[in-house]
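# A look at the structure
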Amino acid sequence: MRNITKIEPKMVQIRRKKQVAAYARVSMDTDRLRHSISAQISWYSTLIQKNTEWEYVGVYADYAISGTNAEKRNEFQRMIADCEAGKIDIILTKSISRFARNTVDLLETVRYLKDLGVEIRFEEQNISTMSGDGELMLSILASFAQEESRSISENCKWGIRKRFQSGEIGVANKHILGYRYDEEQKQYVIIPDEAEVVRQIFQMYLNRLSLREICRNLNNTGHRTINGNPFQEAALARIIYNEVYVGDMRRQKTYMTDPITKKKVRNNGELPQYYITDTHEPILNRETYEKVQEERKRRDALLNPTYCFSKKIKCGTCGRYFTRSKKRKTEAIWICRAKKEHGVTCSSMNFDEGILKSSCAEALNMNHFDEEAFKAEIQEITVKADGNLAFRFFDGRKIIQKVLHLNKNKHIFTYTKAFHEKIHCAVCGCPYHHVNCAGKFSYWYCTGSKRKNIGCIGKSVYTDYHLRQISAYVMDMDDFNEKIFNEQIEEILVLEDGSLEYYLKDGGVKTWQRT
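Predicted, not measured: the structure shown is a model, and the values here were computed from it. (Residues numbered from 1 in each chain as written. Predicted model: local features only at pLDDT ≥ 70, side-chain atom pairs only at ≥ 80, totals over all residues. Heavy atoms only, no water.)

## Quick notes on the sheet that holds strand S24 (residues 489–494)
So the rule is basically this: One bridge is not enough; two strands pair if DSSP finds at least two bridges between them. The numbering of helices and of strands both runs from the N terminus, where a helix is a DSSP run of H or I of at least 4 residues and a strand a run of E of at least 2. For helices, the axis comes from a line fit to the C-alpha atoms of the stretch in contact; other axes are also lines fit to C-alpha atoms, and the angle between any two N-to-C directions lies between 0 and 180 degrees. We call two residues contacting when some pair of their heavy atoms lies within 4.5 Å.
Taken together, four strands build an open sheet; the order of strands is S20-S24-S25-S26 and the sheet is mixed. Taken across any chain shown, the strands that pair with only one partner, and hence form the sheet edges, are strand S20 (423–425) and strand S26 (509–512). Ignoring strand direction, the axes of neighbouring strands in this sheet form an average angle of 25°. Inspection of the sheet shows strand S25 (residues 500–504) paired to S26 by four bridges, in the antiparallel sense. Residue pairing for S26: Glu501 is matched across the bridge by Thr511. Of the strands in this sheet, S20, S25 and S26 are in contact with helix H12 (residues 464–474), which crosses S25 at around 55°.

## Things to note about the sheet that holds strand S15 (residues 333–336)
Taken in spatial order, the three strands line up as S14-S15-S16 in an open sheet, and their pairing is antiparallel. Looking at which strands have only one partner, the edges of the open sheet turn out to be strand S14 (322–325) and strand S16 (351–352). Of the strand pairs in this sheet, S14 and S15 are connected by four bridges, and their pairing is antiparallel. Its bridge partner lying in S15, Ser325 is registered against Ile333.

## Points about the environment of Tyr241
Structurally, the position occupied by Tyr241 is in helix H8 (residues 233–241). For Tyr241, the residues in contact, after removing those within four places along its chain, are Tyr289, Gln293 and Arg296.

## A closer look at helix H10 (residues 353–363)
Quick reminder: α-helices carry 3.6 residues per turn. Residues three or four places apart thus point the same way. Note the threshold: Buried means the residue's accessible area, taken with a 1.4 Å probe over protein chains only, is under 20% of the maximum for its type, while exposed means over 50%, and partly exposed covers the values in between.
The buried fraction of H10 is high, at eight of eleven residues. Just beyond H10, the residue with positive phi is Asn365, at close to 55°.

## So, the confidence of the model for the protein chain
Note the following rule: One confidence number per residue, pLDDT, is output by the predictor and ranges from 0 to 100.
Per-chain confidence: the protein chain averages 81 in pLDDT, with 81% of residues scoring 70 or above. When pLDDT is averaged over each helix and strand of the protein chain, the minimum, 58, is found for helix H5 (residues 134–166) and the maximum, 93, for strand S18 (residues 389–393).

## Comments concerning a nonpolar patch on the surface
The following threshold applies: Only residues whose relative accessible area exceeds 30% and that form no salt bridge are eligible for patches; like-charged ones are grouped when within 9 Å, while nonpolar side chains (Val, Leu, Ile, Met, Phe, Trp, Tyr) are grouped when within 5 Å. In these tables, accessible area is a Shrake-Rupley quantity obtained with a 1.4 Å probe, and a residue counts as shielded only by the protein chains included in the view. Just to be clear on terms, a salt bridge is a Lys or Arg side-chain nitrogen sitting within 4 Å of an Asp or Glu carboxyl oxygen.
Judged by side-chain polarity, Phe413, Tyr415 and Phe441 come together as a nonpolar surface patch covering roughly 270 Å² of accessible area. By the element assignment, Tyr415 lies in the loop between strand S19 (398–401) and S20.

## Quick notes on the pattern of salt bridges
Taken as a whole and judged by the stated rule, the model has 17 salt bridges. The partner of Glu295 in a salt bridge is Arg208, with the nearest N and O atoms 3.2 Å apart. Here the residue Glu295 occupies a position in helix H9 (residues 286–303), and Arg208 occupies one in the loop between helix H6 (192–206) and helix H7 (211–220), the gap between them amounting to 87 residues. Where Asp278 meets Arg286, a salt bridge forms, and the shortest distance between an N and an O atom there is 3.1 Å. Residue class for Asp278 comes out exposed when judged on its relative accessible area of 60%. Linked by salt bridges that have partners in common, Arg208, Glu295, Arg298 and Arg299 make up one network.

This is how it looks when you write it as structure tokens:
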């Protein structure tokens, strides 16, 4: 019999071409870099299309954009979206620094694309993200790229500050109300219609109109900001304060804290500022501008009055400054600002203003508080966690002063027998008597104030606890010691103003001055 064998046709497996794209980036807008990015696009387009195993997807190029933040690079984000859509298998790029200068962004992107099956090849470093040691090498080299970015940033800052010092201008805002920046003249030039609006704003402010009223007048008459929006109070406040309208420039009002995050903050004295006069034609004369600034200060003082202790007392617990608080019919107190903020707590002590003044007088070796001497000599006061004060002087001296905090209403119950027959009134000569109030607190008072034939005016009353605190302070002890007190103290005289004179057995006298 004949054998008949069926022969199946051979299936020829056609391998799919790799879809390949490239990414290029330059960070600045210059003729040289424009030529550079054009050359990169041309090079990668030719390279990919010459490879028969590759299918050309395109070149994604970001121009004049920093590599420290991936979110701000539109072409980079478009490339990632195409990877997610399955349009790209391989990405070619010149180097790690072209792809990203932020280590975190780089590694997150590489890992994300790797999970999608997309390979990145860095030509300069000869690294493929699909290789075994690719990520380790990337971590190391990306750190170098990030530090290089920091170094470049610091060099740029140095150059900018040198230009500030030499009086070179240059501006970030090319158009502000009343001016536009002329690149050829390298200075602001006046826009007449807008300049007239600026003059109206300053004149209305001098006429005692509020910022809200000025906004209403401008908006009702059809005036708009340079962006075509209605005027807002915050924008007007910046105009009122801006020295550019008198022909001057203040440089380095803000600075960048981190070249990677690009975060800018207001310069409150951390770095020097540079004030350059007569840089361009003014819209206002100096007399008008100065009058407006005086008016601004007057209004600020009404809203936010300043005191000698403002920005001088710092909390040693949370680092915030102390602020003044005053209720009706009570003495002003100074408290940590954190206690006024929602959701923030601070355990620092509060201070009566009188106690602060007496403590400062003592630190300055003066009988009474002198505000001018305080401002001239004491740089800062830190309230320590234990309630004591650390004084720092302008001449470099530092002292720590113990504070009793006798204004505290709640304290432990004490009864001290050592005070019996040792406390006398300096006004009438009568002894002080002790009263125990149901075991909750005890106090000492002048018996002469209760006698009709005497009627002593020395009516100062002290709790037993406070007397213990004061005595320990006067005797330079951390805690009151009854035995040492009996050995050293002969008598305590209560003066008419409530101050205490301690007469020692060795003949000495120490005084505690009541605030």
